[in-house]
Amino acid sequence: MYRSGAVMAWNVFRFCTALRGLGSIMILLVMGVVGVTYYAIVLTNYGPSLASSGGLLDALIVFLVLVIFHCLLVMLLWCYFSVVFTDPGSVPPNWRPELDEERGEADPLTASEFGASPADSGNPRIRFCRKCNQLKPPRCHHCSVCGRCVLKMDHHCVWVVNCVGALNYKYFLLFLFYTFLETTVVTLSLLPQFIAFFSDGEIPGTPGTLATTFLAFVLNLAFALSVLGFLIMHISLVAGNTTTIEAYEKKTSPKWRYDLGRKRNFEQVFGMDKRYWFIPAYSEEDLRRIPALHGLEYPSKPDLDAQE
């Protein structure tokens, strides 16, 4: 029994190590897909069409496609690198809870409850991570890939080479949103060229440009469909003010302590300032008045028992 447990732990460790090693490879893969797409849209198809367009209407359509493509690409890359380079949230040194928020208790914790070593106290009101050897704030989970506790951890994403947590969850959602829009625009823009592959007429272009166009269409169609599924899932999570981990951990009861209603749930992730909803940033006012954006305190319904 001990040997099988040790083997399982070793396999998990090797898996986490492999995920850490994928870092630069995944970023290069994302940049490669962007490069292929840019080449197919701008350099192969719509760029030359803008220069050789015979009619005003055709030129206007091509120009609009290029403008929309570039605007969405800028937003996609801005959100992507915001997720990659933003710390999802770490537990501050020497942090201690004032009360057991996850259980919904109003009685403050006393110094005697922590004892000499919180790890050995056995107090159910105190959440402690034995891997990090530190106290855990509410909704905090340990990431085996990053090797640390992450505030309001949703999941570890290999595509962004980072954990998705309290401080970059909004950026991740915007990355999904703009990726879906961009890949959909590219798919629709290249659809006439893709259909032409199966026609009997002659297709203009070199074998290299035709292959790039075909590849760009297939890649963007695949990403559009897959990202749509993730986007729908995370919209439902935001509406219920929960995370991917919490959705699997909590009981089947529809009551959830942190569910404050769809409007307030949305504001706990995107803030209240509408000017910042579609960019990977927060206003100073939102950071001041919404504690949840810092990942340590979360408003809850005091009349509900906590869901574990």
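First, a word on scope: everything that follows refers to the structure included in this document. (Residues numbered from 1 in each chain as written. Predicted model: local features only at pLDDT ≥ 70, side-chain atom pairs only at ≥ 80, totals over all residues. Heavy atoms only, no water.)

**Some words on the layout of surface pockets**
Logical step 1: Reported here for the largest pocket is a volume of approximately 580 Å³.
Logical step 2: The wall of the largest pocket is formed by 27 residues, among which Trp159, Phe175, Thr179, Phe223 and Val227 lie closest to the centre.
Logical step 3: By residue number, the principal contributor to the lining of the largest pocket is helix α6 (residues 207–239), which donates 7 residues.
Logical step 4: Looking at side-chain class alone, the lining of the largest pocket contains 16 nonpolar, 9 polar and 2 charged residues. (1 Å grid on protein atoms, 1.4 Å probe; cavity = no way out; pocket = protein on both sides within 12 Å on 5 of 7 lines; lining within 4 Å. Points joined across faces, edges and corners; volume = space filled by probe spheres on them. Helix = DSSP H or I, 4+ residues; strand = E, 2+ residues; numbered from the N terminus. Nonpolar A, V, L, I, M, F, W, Y, C, P; charged D, E, K, R; others polar.)

**What to know about the side chain of Lys152**
Logical step 1: Within the fold, Lys152 resides in the loop between β4 (148–150) and β5 (155–157).
Logical step 2: Of the side chains with opposite charge, Glu246 lies nearest to the buried Lys152, which makes no salt bridge, at 6.5 Å.
Logical step 3: In contact with Lys152, not counting residues within four places along its chain, are Arg139, Cys140, Val164, Gly165, Ala166, Asn241, Thr243, Val269 and Tyr298. (Buried < 20%, exposed > 50% of the residue type's maximum accessible area, 1.4 Å probe, protein only. Lys, Arg positive; Asp, Glu negative; His and termini not counted. Salt bridge = Lys/Arg side-chain N within 4 Å of Asp/Glu carboxyl O. Contact = heavy atoms within 4.5 Å.)

**Describing α6**
Logical step 1: Relative to the 48 Å expected for 33 residues at 1.5 Å per residue, α6 spans 48 Å between its end C-alpha atoms, a close match to the ideal helical length.
Logical step 2: Buried within α6 are the following residues: Thr209, Thr212, Thr213, Ala216, Phe217, Asn220, Ala224, Val227, Leu231, His234, Leu237 and Val238.
Logical step 3: Following α6 by one or two positions, Asn241 adopts a phi angle in the positive range, close to 55 degrees. (Expected span 1.5 Å × (residues − 1).)

**Section: the pattern of salt bridges**
Logical step 1: A complete count under the given rule lists 6 salt bridges for this structure.
Logical step 2: A salt bridge links Arg148 to Asp87; its shortest N-O distance comes to 3.4 Å. Of the two residues, Arg148 sits in strand β4 while Asp87 sits in the loop between α3 (56–85) and α4 (111–114), which places them 61 residues apart along the sequence.
Logical step 3: By relative accessible area, Asp87 is classed as partly exposed at 37%.
Logical step 4: Here Arg139 and Glu246 are joined by a salt bridge, their closest N and O atoms 2.8 Å apart. Of this pair, Arg139 sits in the loop between β2 (134–135) and β3 (141–143) while Glu246 sits in helix α7 (residues 244–249), and the two are 107 residues apart along the sequence.

**A short note on a nonpolar patch on the surface**
Logical step 1: Side chains of Leu50, Leu57, Leu60, Ile61, Phe63, Leu64, Val67 and Ile68 sit close together on the surface and give an oily, nonpolar patch of about 700 Å² of accessible area.
Logical step 2: Among the elements that take part in the nonpolar patch, α3 stands out by supplying 7 residues, more than any other.
Logical step 3: Residue position: Leu64 is located in helix α3. (Patch = residues over 30% accessible without salt bridge, like charges linked within 9 Å, V, L, I, M, F, W, Y side chains within 5 Å. Areas by Shrake-Rupley, 256 points an atom, 1.4 Å probe, with all protein chains shown as cover.)

**Topic: the environment of Leu231**
Logical step 1: For Leu231, the position within the fold is in helix α6.
Logical step 2: Exposure remark for Leu231: the relative accessible area of 11% places this residue in the buried category.
Logical step 3: With 58 residues separating them in the primary sequence, Leu231 and Leu173 have C-alpha atoms 7.3 Å apart.
Logical step 4: Every residue in contact with Leu231, bar those within four places of it in the chain, is listed here: Leu173, Leu176, Phe177 and Phe180.

**What to know about unusual backbone geometry**
Logical step 1: The phi torsion at Arg139 lies on the positive side, around 65 degrees, for a residue other than glycine.
Logical step 2: The class of Arg139 is buried, set by a relative accessible area of 2%.

**What about the environment of Pro204?**
Logical step 1: By the secondary structure assignment, Pro204 is in the loop between α5 (169–196) and α6.
Logical step 2: Sequence-wise, Pro204 and Gln193 are 11 residues apart; in three dimensions their C-alpha atoms are separated by 9.9 Å.

**Considering helix α8 (residues 262–270)**
Logical step 1: Listed as buried for α8 are Asn265, Glu267, Gln268, Val269 and Phe270.
Logical step 2: Looking at the buried positions of α8, the neighbouring elements they touch are α5 and α6.
Logical step 3: Of the residues flanking the end of α8, it is Gly271, one or two places downstream, whose phi is positive at about 85 degrees.

**Describing the packing of aromatic side chains**
Think of a pair of aromatic rings as described by two things: how far the centres are apart, and how the planes are tilted against each other in angle.
Logical step 1: As enumerated under the stated definition, the model contains 16 aromatic pairs in all.
Logical step 2: On the numbers, 5.2 Å between centres and 65 degrees between planes, the contact of Phe177 with Tyr178 is edge-to-face.
Logical step 3: Look at Phe177 and you get partly exposed, because its relative accessible area is 27%.
Logical step 4: Exposure remark for Tyr178: the relative accessible area of 8% places this residue in the buried category.
Logical step 5: Arranged with centres 4.9 Å apart and planes meeting at 80 degrees, the rings of Phe266 and Trp277 form a pair that is edge-to-face. With a gap of 11 residues between them, Phe266 in helix α8 and Trp277 in the loop between α8 and α9 (284–289) connect regions that are remote in the sequence.
Logical step 6: For Phe266, a relative accessible area of 27% corresponds to the partly exposed category.
Logical step 7: Pairwise contacts between aromatic rings join Phe194, Phe197, Phe198, Phe214 and Phe217 into one cluster.
Logical step 8: A cation over a ring is seen here: Arg139 above Tyr298, with NZ or CZ 4.9 Å from the ring centre.
Logical step 9: Cation over ring: Lys170 sits above Tyr282, and NZ or CZ is 4.4 Å from the ring centre. (Phe/Tyr/Trp six-rings, centres within 6.5 Å; stacked < 30°, edge-to-face > 60°. Lys NZ or Arg CZ within 6 Å of the ring centre and 35° of its normal.)

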